Amino acid sequence: MTRDRSALDDLLAAAGDDAYCIEAGSADSNQLYLSGFDAPDPFFTAYTGDELAVLVSGLEYGRARKESHADTVARLSSYDYATRAADEGRATALAGVYADFLADLGVESTLVPERFPVGVADGLRDHGVAVDVDRDDVVETLRATKTDEEADAVRRATAANEAAMAAAEDLIADADVAADGTLLLADDAGEATLTSERVKEAIEVTLLRHGCALDETIVACGADAADPHDRGSGPLAAGEPIIVDIFPREKASKYHSDMTRTFSKGAPSDTVAEWFDLTHEALDAALDAVEPGATGADVHAAACEVYEDAGHPTLRADPDTETGFIHSTGHGVGLDVHEQPGLNPRGGELEAGQVITVEPGLYDPEVGGVRIEDIVIVTEDGYENLTGDYPVELVVE
């Protein structure tokens, strides 16, 4: 995918450093974004403004030449790493190799992210390379605004997400209700209890068939749903709120989506129904506030006002509350499922091309929880709702 590195060029010019360097595996999204190379073990990337260079093991050399964004690909063996490691120890040898690699690029000083390994930074300094820290995380800031290609990757992940959500909803809708209110699922072996785990399985299988995967998801019922990040477990019950929050990653592009719906098999309590309608209102109010130039704080305030006007606690009004609206209104989505920008009291100005979630909710262990989450792209004149066609309906039969 194409990358806009202009802000990184500006940072290097302002700081007076020769390069921006990252030492990490591709699980670090800044490394994956800058290098374009997907490898599990740490490797070294240096961007000078004129050139992007990566230094990898011999195992990854051929693939890095084909797949990375690098203008130059070097391997550790070119700097006699094995012999040096045997003589000096791995850490000392690696620092020397990195320093020689940078010298070949004409780099005497470098900026690094705050998460750059301390030992590597000290080793570079021991070899005469000046190391300064990027306190503003400029690469993550670059990642916040998506190109058309990146936005399309999120769209594909979202299409898969909607299919997985439909699979979850269908299981709940098709379930029978036992005398004790437990949901039952009929199969070839008879009727079995419908559990959070069974719904998660259907979600994961559907995502795999659509080229996506996830490490975990949320299917939380009743009191479990009162904790926004409780993954949920055990039997599902009729008349209880069931929060289904799915955040898959497309395998090919590594870009995420994120979506939440709350379901009830049959009629819920009057309180849950009221909470659902109010949360839908909060969602609409927050979405109405999304546009370039608005801030994440503006969007968060719009959701909070709906809840506060109805008499519910929010973290904005009471930072110590443990019930009510107890999280931010949303976050950026991309190579990480949680990234810039934030829709919270500190949220900065929104820009066209940013991908964000909007996800208000209410929580109380005495009632359960309700959350509705859409994912949108900020556009020049507002937003595009990627999940806007998926119904927002509480009761499923």
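Look up a bit, the structure's there.
Predicted, not measured: the structure shown is a model, and the values here were computed from it.

**Digging into the sheet that holds strand β8 (residues 183–187)**
A sheet is described by the order of its strands in space; here 3 strands give the open sequence β7-β8-β9, paired in antiparallel fashion. Of all strands in the sheet, those with a lone pairing partner are β7 (176–177) and β9 (190–193), marking the two edges.

**Considering the packing of aromatic side chains**
Ring pairs (aromatic) are described by centroid distance and by the angle formed between their planes. Counted by the stated rule, this structure contains 5 aromatic pairs. With a centroid separation of 6.0 Å and an interplanar angle of 85°, the aromatic rings of Phe 44 and Phe 101 are classed as edge-to-face. With Phe 44 in strand β2 (residues 43–47) and Phe 101 in helix α5 (residues 90–104), this residue pair connects regions lying 57 residues apart in the sequence. The pair formed by Phe 44 and Phe 101 is uniform in burial state, with each residue classed as buried. On the numbers, 5.1 Å between centres and 55° between planes, the contact of Tyr 307 with Phe 325 is tilted. Of the two residues, Tyr 307 sits in helix α11 (residues 296–309) while Phe 325 sits in the loop between α11 and β15 (330–332), which places them 18 residues apart along the sequence. No difference in accessibility class separates Tyr 307 from Phe 325, as the two residues are buried. Note that Arg 75 overlies the ring of Tyr 61, its terminal NZ or CZ placed 3.9 Å from the centroid.

**Let's talk about the side chain of Ser 109**
Structurally, Ser 109 can be placed in strand β5 (residues 109–113). A relative accessible area of 11% places Ser 109 in the buried class. Of the polar contacts made by the side chain of Ser 109, one reaches the side chain of Asp 17; its length is 3.2 Å. Residues in contact with Ser 109, not counting those within four places in the same chain, are Gly 16, Asp 17, Asp 18, Ala 19, Val 129 and Ala 130.

**Let's talk about the sheet that holds β2**
What the 6 strands build is an open sheet, ordered β4-β3-β2-β1-β5-β6; its pairing is mixed. Each having just a single partner strand, β4 (72–75) and β6 (130–134) make up the two edges of the open sheet. Along the sheet, successive strands turn relative to each other by an average axial angle of 25°, direction set aside. Relative to β2, strand β1 (residues 19–24) runs antiparallel, the two sharing 5 bridges. Looking at β2, one finds that Ile 22 is bridged to Thr 45. Each of β3 (52–56) and β4 is contacted by helix α3 (residues 58–67), which is oriented at about 165° to β4, the strand it contacts most.

**Thoughts on the packing of helix α8 (residues 148–174) against helix α9 (residues 196–209)**
Viewed as axis vectors pointing N to C, α8 and α9 meet at an angle of 150°, and their least axial separation amounts to 8 Å. Here α8 is positioned roughly antiparallel relative to α9, judged by the angle of their axes. In this structure, α8 meets α9 at a crossing whose hand is right-handed. Along the contact surface, α8 presents Ala 160, Asn 161, Ala 163, Ala 164, Ala 167, Ala 168 and Leu 171, while α9 presents Arg 198, Val 199, Ala 202, Ile 203, Thr 206 and Leu 207. Looking at the contact of α8 with α9 residue by residue, the classes come out as 10 nonpolar, 2 polar and 1 charged.

Basis of the calculations
Residues numbered from 1 in each chain as written. Predicted model: local features only at pLDDT ≥ 70, side-chain atom pairs only at ≥ 80, totals over all residues. Heavy atoms only, no water. Pairing = 2+ DSSP bridges. Helix = DSSP H or I, 4+ residues; strand = E, 2+ residues; numbered from the N terminus. Phe/Tyr/Trp six-rings, centres within 6.5 Å; stacked < 30°, edge-to-face > 60°. Buried < 20%, exposed > 50% of the residue type's maximum accessible area, 1.4 Å probe, protein only. Lys NZ or Arg CZ within 6 Å of the ring centre and 35° of its normal. Polar contact = N/O pair within 3.5 Å; in protein donor to acceptor, adjacent residues only side chain to side chain. Contact = heavy atoms within 4.5 Å. Axes fitted to C-alpha atoms, helices over the stretch in contact; angles between N-to-C directions. Parallel < 35°, antiparallel > 145°, perpendicular 65-115°, else oblique. Left-handed = near helix turned anticlockwise from the far one by under 90°. Nonpolar A, V, L, I, M, F, W, Y, C, P; charged D, E, K, R; others polar.

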